[in-house]
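# Understanding the architecture of this molecule
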Amino acid sequence: DHRDLHSFPTRRSSDLNALEPVISAEIMQLHHSKHHATYVNNLNLAEEKLADAVNKSDVSSVIGLHGALKFNGGGHINHSIFWQNLCPGGSGEPTGDLAAAITRDFGSLQAMKDKLSASTVAVQGSGWGWLGYNKTSNKLELATCFNQDPLEATTGLVPLFGIDVWEHAYYLQYKNVRPDYVKAIFQIANWNDVAARFSAAGGK
């Protein structure tokens, strides 16, 4: 019974310093090559156990795997978006439909950044801050999720731009000053990627 495994996006060692000085090469090495890889490996393992439990009609075991699937699957989804949301030096400010939607729904880009920063910094413990798109209302919205809970499965919002505030994402460089890390992350924001996600979700 062949099943496709989730693959881990490899990164050359020379790419690890691409987001400096905002994110150090040391953090990238640990965050990308260790943490994200672990989520992928554990997700594949959980899915193998799920397939076995389903084949055996073992409903109790299927239910028991919910936590592992949510945590590791969410970790893989969130980080896959996170790496694409960032680029060396940033991509400048949003343009086109995304820029217009940000102004419409938040008043200005700076107002959106301020609100997203405040809510993200306020996450208790580990989690994520998100700019998301509500397909029903055709509005951009902000949300936070705990641990590795994936935005869309948790809130229904399509994830556009995420900020990881697990300590492994910033502590080696920013220590306990989470606000400095959150403020700095916008310097390397890839708004072209965010705009593509917005467009793919049907946003305008």
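Structure's up top.
To keep things clear, this report deals only with the structure shown in the data block. What you are looking at is a predicted structure, and each value in this text was computed from that prediction instead of being measured. Numbering of residues starts from 1 in every chain and runs along the sequence as written. Per-residue local features are limited, in this predicted model, to residues with pLDDT of at least 70; the limit for side-chain atom pairs, both in listing and counting, is 80 or more; totals at the level of whole chains, interfaces and linings are taken over all residues. In computing side-chain properties, one takes all heavy atoms of the structure into account and sets aside hydrogens as well as water.

### A look at the overall build of the chain
The condition that has to hold: Where helices and strands are cited, they refer to DSSP runs of H or I of at least four residues and of E of at least two residues respectively, numbered from the N terminus. Note on method: radius of gyration uses C-alpha positions; expected globular size equals 2.2 Å times residues raised to 0.38. The buried label applies to any residue whose accessible area, calculated with a 1.4 Å probe on protein chains only, is under 20% of its type's maximum; exposed applies above 50%, and partly exposed to all values in between. Should any heavy atoms of two residues lie within 4.5 Å, those residues are counted as being in contact.
Within the chain, the regular secondary structure consists of 9 helices and 3 strands. Relative to the globule expectation of 17 Å for 204 residues, the C-alpha radius of gyration of the chain, 18 Å, shows essentially globular dimensions. Taken over 204 residues, the chain has a buried fraction of 44%. Partitioning the intrachain contacts of the chain with sequence separation of at least 6 by distance along the chain shows that 70% fall at a separation of at least 24.

### Structural notes on helix α4 (residues 96-106)
To keep things clear, this is the line we draw: In this description, one arc is meant: the one made by directions from the helix axis to the C-beta atoms.
Listing the buried residues of α4 in full gives Leu 98, Ala 101, Ile 102, Asp 105 and Phe 106. When α4 is viewed along its axis, its buried side chains cluster within an angular range of 100 degrees and face the same direction. Directly after α4, the chain includes Gly 107, whose backbone phi takes a positive value near 100 degrees.

### Focus: helix α3 (residues 66-85)
Put simply, the rule is: By this rule the span expected of a helix is its residue count minus one, scaled by 1.5 Å.
Relative to the 28 Å expected for 20 residues at 1.5 Å per residue, α3 spans 28 Å between its end C-alpha atoms, a close match to the ideal helical length. Among all positions in α3, only Asn 72, Gly 73, Gly 74, Gly 75, His 76, Asn 78, His 79, Ile 81, Phe 82, Trp 83 and Asn 85 are buried.

### Thoughts on the packing of aromatic side chains
Defined as follows: Put simply, two rings from Phe, Tyr or Trp (the six-membered ring, in Trp's case) pair if the centres are within 6.5 Å, and we call them stacked under 30 degrees between planes, edge-to-face over 60, tilted for the rest.
Enumeration according to the criterion identifies 11 aromatic pairs in this entry. Ring centres of Trp 128 and Trp 130 lie 5.4 Å apart, and the angle between their planes is 15 degrees; this geometry places the pair in the stacked category. We classify Trp 128 as buried; its relative accessible area is 0%. Its relative accessible area of 1% is what places Trp 130 among the buried residues. What links up through ring pairs into an aromatic cluster is the set Phe 82, Trp 83, Trp 128 and Trp 130.

### With respect to the environment of Ile 27
In this structure, Ile 27 sits in helix α1 (residues 25-55). Judged by its relative accessible area of 1%, Ile 27 falls in the buried class. For the pair Ile 27 and Ala 46, spaced 19 residues apart in sequence, the C-alpha to C-alpha distance is 27 Å. With residues up to four places along the chain from it excluded, the contact list for Ile 27 reads His 32, His 168, Ala 169, Tyr 170, Leu 172 and Gln 173.

### A few points about the nonpolar core
The cut-off we apply is this: The nonpolar core is taken to be a set of buried Ala, Val, Leu, Ile, Met, Phe, Trp, Tyr and Cys residues, with the residues joined through side-chain atoms within 4.5 Å.
If you look at the biggest cluster of nonpolar residues, it comprises 47 residues, and the most contacted ones within it are Ile 23, Leu 131, Leu 140, Ile 163, Tyr 181, Ile 185 and Trp 191. For Ile 185, the residues in contact, after removing those within four places along its chain, are Val 22, Ile 23, Phe 82, Leu 86 and Ile 163.

### Things to note about the sheet that holds strand β1 (residues 127-134)
Under the convention used in this document: When DSSP finds two or more bridges between two strands, those strands count as paired. Here, axes are lines fitted to C-alpha atoms. For helices the fit covers the stretch in contact, and angles between N-to-C directions go from 0 to 180 degrees.
Taken in spatial order, the 3 strands make up an open sheet running β2-β1-β3, and their pairing is antiparallel. At either margin of the open sheet sits one strand with a lone partner, and together these are β2 (139-146) and β3 (158-164). Averaged over all neighbouring strand pairs, the angle between strand axes comes to 25 degrees, with direction disregarded. Here 6 bridges tie β1 to β3, and the two strands are oriented antiparallel to one another. Note on β3: the bridge partner recorded for Tyr 133 is Val 158.

### Some words on the environment of Gln 173
So the rule is basically this: Two N or O atoms form a polar contact when they lie within 3.5 Å of each other; inside protein one atom must be a possible hydrogen donor and the other a possible acceptor, and for residues adjacent in sequence the pair counts only when both atoms belong to side chains.
When you line up the elements, Gln 173 lands in helix α7 (residues 171-174). Each C-alpha atom of the pair Gln 173 and Pro 88 lies 17 Å from the other, and the pair is 85 residues apart in sequence. In contact with Gln 173, not counting residues within four places along its chain, are Pro 21, Val 22, Ile 23, Ser 24 and Ile 27. Among the polar contacts made by the side chain of Gln 173, one reaches the main-chain amide nitrogen of Ser 24 at a distance of 2.8 Å.

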